[in-house]
Each structure stands twice: as structure tokens, then as C-alpha cells.
Amino acid sequence: MTEKFIIHVLISFIRLINMFTKKWKTSERIYDVIRERSVKIKVSDGISLDCDIFRPNTEGKFPVILSAHPYDKYGQTEPIQVGGYSNVEKAIEERRRGTLEAGDPNFFVRRGYVHVILNVRGTGDSEGYYEFLGPREVQDIYEVIERLAEFPWSNGNIGTFGVSYFAMIALAVAAKNPPHLKCIFAPWGSTDPYRDMFYQGGILAGKYVVDFAKFLQESNTRVNKEFSRDELEKIDALLKDPDITALPELREALLNPEKDLNPFIVKILIHQLYDDFWRERTVDLEKIRIPSYLGGDWANYGFHLPAAFRAWDKIRAPKKLTIGPPYFLDRPVYQLQYEALRWFDYWLRGIDTGINEEKPIKIFVMGSNKWRESEEWPLPETKWVPFYLHERGILSVHEFWDNESSDSYFDSPWARGYAKYVTPKFVEETEIVGPPILELFLSTTDNEVLLSIRLLEIDEKGNERVLTGAWLRGSQKQIDEKQSIPWSFYYKHENREQLEPNKIYKFKIEIVPTANLFRPGNRLGLLISSSDPPSSPYEAGPTSRHIKRQRPSRITIYHDKDHPSALWVPIISGNIIGTYLSMF
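Every chain's residues receive numbers from 1 upward, in the order its sequence appears when written. Selection of residues for local features in this predicted model requires a pLDDT of at least 70, selection of side-chain atom pairs for listing and counting requires 80 or more, and totals for whole chains, interfaces and linings are taken over all residues. Calculation of side-chain values draws on the structure's entire complement of heavy atoms; hydrogens and water are dropped beforehand.

1. Quick word on the packing of aromatic side chains
Here the distance between the centres and the angle between the planes together describe a pair of aromatic rings. Between rings of Phe, Tyr and Trp, where Trp is taken as its six-membered ring, a pair exists when centres lie within 6.5 Å; planes separated by under 30 degrees are stacked, by over 60 edge-to-face, and by other angles tilted. All told, the structure shown has 40 aromatic pairs when counted by the stated rule. On the basis of an interplanar angle of 75° and a centroid distance of 6.2 Å, the ring pair of Tyr199 and Trp278 is categorised as edge-to-face. With Tyr199 in strand S7 (residues 199–200) and Trp278 in helix H12 (residues 276–279), this residue pair connects regions lying 79 residues apart in the sequence. Tyr199 gets classed as buried once you look at its relative accessible area, which sits at 1%. Secondary structure elements follow DSSP: runs of H or I of four or more residues count as helices, runs of E of two or more count as strands, with numbering from the N terminus. Remark: exposure states derive from per-residue accessible area (1.4 Å probe, protein chains only) relative to the maximum for the residue type, with buried under 20%, exposed over 50%, and partly exposed in between.

Next up, the structure:
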């Protein structure tokens, strides 16, 4: 038996462990991996960016996958035990796992790809100052993509891989359409840092700002510590804002704006409204002509999830959208590696993996734990049914009775109240998929109100589970009607209009989409508060980290024939008869 024959048999066996069907198969797993550490790539302003290059151990030209990030590079690729997303240190961890999102280069390289993992400027061993998705950072990645096309081991076809920040920078550079960027695999990627990351509904996610700075600190991030006179004046004004200074870390950053990574925190605090700072960091999705793989999970409703649907709506290029179960991906990210391989095989190698023959949208429905597929979003069978807010905390399709009045709750550092409305039990399986809408008539004794909304599933034993939520600062409730559609509102967030105490205002609140099957006996709940409730165990991102109003107030919710507060529920199946107030 010759050595050549043995090698042929071994290769044939290896090929069997790849993904395949009767019609197609993915790239074969036949290569070993060469690792080149700390390679420098110089960009046009003279700055050198640091990257690690993983490539097949053979001569030839291969497609290239780029993963760009601002985090510690060694955690991305060194062999560590797989674990869940962690935002805080656990007993067995000295560092959190949240930033380990580049994927496993061994997986791609063994199948004939070069995987380049690069630190953006000002992070790790890359030179310069960190820009946080600023124009120069995006330009850097554009230039790196074009430079990677020139390496002797590159066939000129470049893709991107990674979630969260990796996906965010990929979407940003895709809007500039580099000639050699052929596709991006960019699920879990925010596209508007103001609305998605730091100011949901115009409310500062103060604790998340601090947490993000801690992530950056782990990668030796350097930031520009210079402030203009106008910025210094804004810092002085912020120090007089009790809602912000109530969080000790924010107060410390404002008192010492040039210390460590405080300049990053302070920049976020200075720009409280959607101004040019945020506009130049918002992805112009309509300019993207690069095939884009989008997605997220239902637990991430306070972070990346809204952007997935926004990108699906705006991108005018081949695209796919996958929204998965309510769990953030394991670290390092690996669950989507075969889906990514099918995507790259098709767009970077011209292999028909069947991925474009499938329906472009895959939605995991909680409760049934099954997938729905569709050509469009919201799903074509969606109907929005109004459930009215009633006295005694009832949420029902029943019209208002005569002389219905209102409910009130107190909000202060001494007592954070809430109002809660619950449907009767569902008597048939009811599938809710899409963006709920809340129309709320409300007054406050203050000149401001912070609204934190949660949608709940309540089982027959009374156990509650958060499905999704929304936030809105009352003084920033202005909607751009031209950029809005009946089920999705675009809030301007360009200025604040103080509320008149005790005046009744109408608020239109878009709740982040969800997908859940309600079993008979379960109920739908609506929680309205002015502060975040504790996070559910599976939630990730800034869902319970927003600042709180320090001035005491009494908030009143009106629900009567003249003030028809209602929750529009996106129902795709069931609820033909509806719920029974009589409970039979």
C-alpha cells in the first residue's frame, strides 16, 4: 500500500466530516494552519495596524476573511474552554468573555481560507488613537481590505466575519463598498450607536458606557485626551445633572476627564442628542451593495436586535436574516461557523451551497421552539390587534367603558413604582411575531419622564418572563413621520422639549420585535415604569443599565374613550375568538 494511496484515503475520510446534502457540500477540510503573529499593515496616514494572520500551510491563493475589533487579541484565537457570554467576572474567570467574538480561525483555514484578525487603531498593538467607529477607523478597514487583496496568498476575494463590534465595523465599511469586499457575515451588529448602544429612546445607558470602557481597558486602548472649550463647558453642565452624577463612575469620569479611558466615557456623555458625532458613526445602510448576512437573538432586544431589522429593511443587496433563540452566542463564537462557511463558499469561491435557494428570513419562535421562514418582514400574515389598557390592570380587546379613568405610580430614589396590565388567559395557541406598538396617554408632575417598557409572558403558575422592551425619554418623543411606517417609528432625538407638568401627552412607542407562542392558559403582560426592572437571566446588553430620574414625580396613565391607551399586538396565528374576561 503506497504512501500516496494512504494520503488519498485519509483525505477522503476527512471530507466526510464536512457539511453536505444530496445536492451540495461545503469546502473540504484538508489543510493545516500556519500562524503569523503581529503582522503590521500600514494605512494612508502612516499608522500601522496590528493583525494575526492564519492561512493554509500550502502554496496557492485563497479567499480572505477579515475580523476587525478593538479588544484583546489573544482571547480571540488562543485555545480556551468554550463558555457563555459573561458581563461580570465569575469565580473561574479573571476576565469577562463578552469580547471573544472573532470565531475560530482554525475552522476556516482548514477549509481553504485565510483568516486575518486585526486590532483597529488605538487598540492592542495598533498605533494611533481609538476612534470608536469614527470615519478614520472605517477608512482604515477599507484600506486594509484592499491591501489584503494584494498579498501573494490572496485570490482577491475578501469577506468579513464576527459579531457585535466585528459586525458593526463590517457594516460601516460595507457602506463604502470596497472593490474587493465581496460579502460580509455580520449578525449581532448595531448600526446606530446612539439608538442601539448608549441612548435607547434617548435615555443614557450609563452603566453600559462604563462596562464598554472596561472592555477597552483590557486591550490597552489609547484615546485622544484633548477637549475643546465647548466640550469643557458641557462637562461643567453635566456635573450639575443629578441623573448622571448619581452613578459614581460617571461622576468620577466628569471630574477627571483626561484620566485613563475617561475621555471615551466623557465623549459619550457630552453628546446626549443625536448630533454630528453620532451621525458619522451611523451606517448609511441604503448605500450597501455588498451581500450581507444579518441576524441576532431575541434576548438582545436592548442592543443589537433592532439594528438587524433596520438593516434588513434598508440594505439593497443580496441579504439573509436569522433571528435565533434568546441566548447570546457562546464564547468564542462558533455556533454559526457552518452557516458562515456556506455564505463564504458561495460569495468568495463560487460554490453552490444552496444557501441562496432557501428563504432569506429565518425566525426562531419562542414557546414553540420552532423556526419560521419567510420572504419578508414583518411576516405577511401579521395583523396588529389593539389590546386596550383598562382599570384594575386589565389588558383586553374590549372597548372602554364609560367613566373609566386612570392609574398612577410614583417614581423617585425612595420608591420606583410601575403600572402593570395583563390579559385574561389565552384559550387557544396564539403566535405573536413582530414589533408591538404602544400608544400611551400620560402626564407627570415633573418636566421630564423616562419610560421603560417590558412585554411579559405569564404562565399558569404566575411565573413571568420578559420577552422584549422599549425605552423613551419624554422630552425626546418627536417622530420623523417621513422616515416612519405604521409599525416602526423614527425618533429624531435632535433636541429636548421639556414637558409641562400635569399636561396629558400622547406617546407613540415602538417596542422591539419579538416572537413567542402563547399556550392556552398563559397571559400577555405589559409593564410600564420609569426605571429598568432587573434583567432576566438570559438578557445581554444594556437592558437594565439606564440612568434613573432623581427628581420625585407621580406619573399618571390615562385610558378612557378620549385617551385610548392601547398595545397593538402583532399576531400571526390564533386569537380568532380572543380572550375571555368572564374566564368562562
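The discussion continues.
2. Some words on the nonpolar core
The tendency in soluble globular proteins is for nonpolar side chains to be buried side by side. The biggest cluster of nonpolar side chains holds 153 residues, and the ones touching the most others in it are Phe198, Phe212 and Phe264. With 10 residues, helix H5 (residues 165–174) is the single largest residue contributor to this core. Aside from chain neighbours lying at most four places away, what touches Phe264 is Tyr130, Phe132, Phe198, Val209, Phe212, Ala213, Leu216 and Val223. For the purposes of this section, nonpolar cores are sets of buried Ala, Val, Leu, Ile, Met, Phe, Trp, Tyr and Cys residues that join through side-chain atoms within 4.5 Å. By size, the runner-up hydrophobic cluster in this structure holds 21 residues, among which are Tyr113, Phe161, Cys183 and Phe344. Whether two residues are in contact is decided by their heavy atoms: any pair within 4.5 Å suffices.

3. Points about the sheet that holds strand S21 (residues 464–473)
The pairing criterion is simple: DSSP has to find at least two bridges between the two strands. As summarised here, the arrangement of the four strands in space is S17-S24-S20-S21, forming an open sheet in which the pairing is antiparallel. The open sheet has two edge strands, strand S17 (418–422) and S21, and neither has a second partner. Adjacent strand axes in the sheet meet at a mean angle of 15°, parallel and antiparallel pairs treated alike. Relative to strand S24 (residues 523–529), S17 runs antiparallel, the two sharing five bridges. Across the sheet, residue Tyr418 finds its bridge partner in S24, namely Ser529. Here the axes come from fitting lines to C-alpha atoms, over the contacting stretch only for helices, and the angles between their N-to-C directions go from 0 to 180 degrees.

4. Let's talk about the confidence of the model for the chain
The predictor reports its confidence for every residue as pLDDT, a score running from 0 up to 100. Averaged over all residues, the pLDDT of the chain is 92; the fraction at 70 or higher stands at 94%. Considering only residues more than four positions removed or in separate chains, one finds that residues 4–16, a stretch of pLDDT under 50, has five contacts.

5. What about the pattern of salt bridges?
Put simply, a salt bridge is a Lys or Arg side-chain nitrogen that is within 4 Å of an Asp or Glu carboxyl oxygen. Enumeration over the complete set of coordinates arrives at 39 salt bridges. Between Arg342 and Glu358 there is a salt bridge whose closest N-O contact spans 2.8 Å. Taken together, the residues span a long stretch of sequence, with Arg342 in helix H14 (residues 337–349) and Glu358 in the loop between H14 and strand S11 (361–365) at a distance of 16 residues. In this structure Arg342 comes out as buried when scored by relative accessible area, which is 5%. Taken together, the shared-partner salt bridges in this structure form one network comprising Arg37, Lys40, Asp50, Asp52 and Lys73.

6. Here we look at empty space enclosed by the protein
Points on a 1 Å grid, built from protein atoms alone, make a cavity when a 1.4 Å probe fits but cannot get out and make a pocket when they are open with protein on both sides within 12 Å along at least 5 of 7 lines; residues with an atom within 4 Å of a point are the lining residues. Grid points are joined across faces, edges and corners, and a volume is the space filled by probe spheres set on the points. Scanning all chains against the criterion turns up four cavities of 30 Å³ or more. Ranked by the residues each element gives to the lining of the largest cavity, the list is headed by helix H7 (residues 206–217), at three residues. Residue type decides the class: Asp, Glu, Lys and Arg count as charged, Ala, Val, Leu, Ile, Met, Phe, Trp, Tyr, Cys and Pro as nonpolar, and the leftover types, Gly among them, as polar. Classifying every residue of the lining of the largest cavity gives nine nonpolar, three polar and one charged. Looking at the second largest cavity, its volume works out to about 50 Å³. Leu66, Ser67, Ala68, Ile141, Thr160, Phe161, Phe166, Ile169, Ala170 and Val173 together form the lining of the second largest cavity. Counting only elements with at least two residues in the lining of the second largest cavity, the list comes to strand S3 (62–69), strand S5 (154–161) and H5. The residue inventory of the lining of the second largest cavity, partitioned by class, reads eight nonpolar, two polar and no charged.

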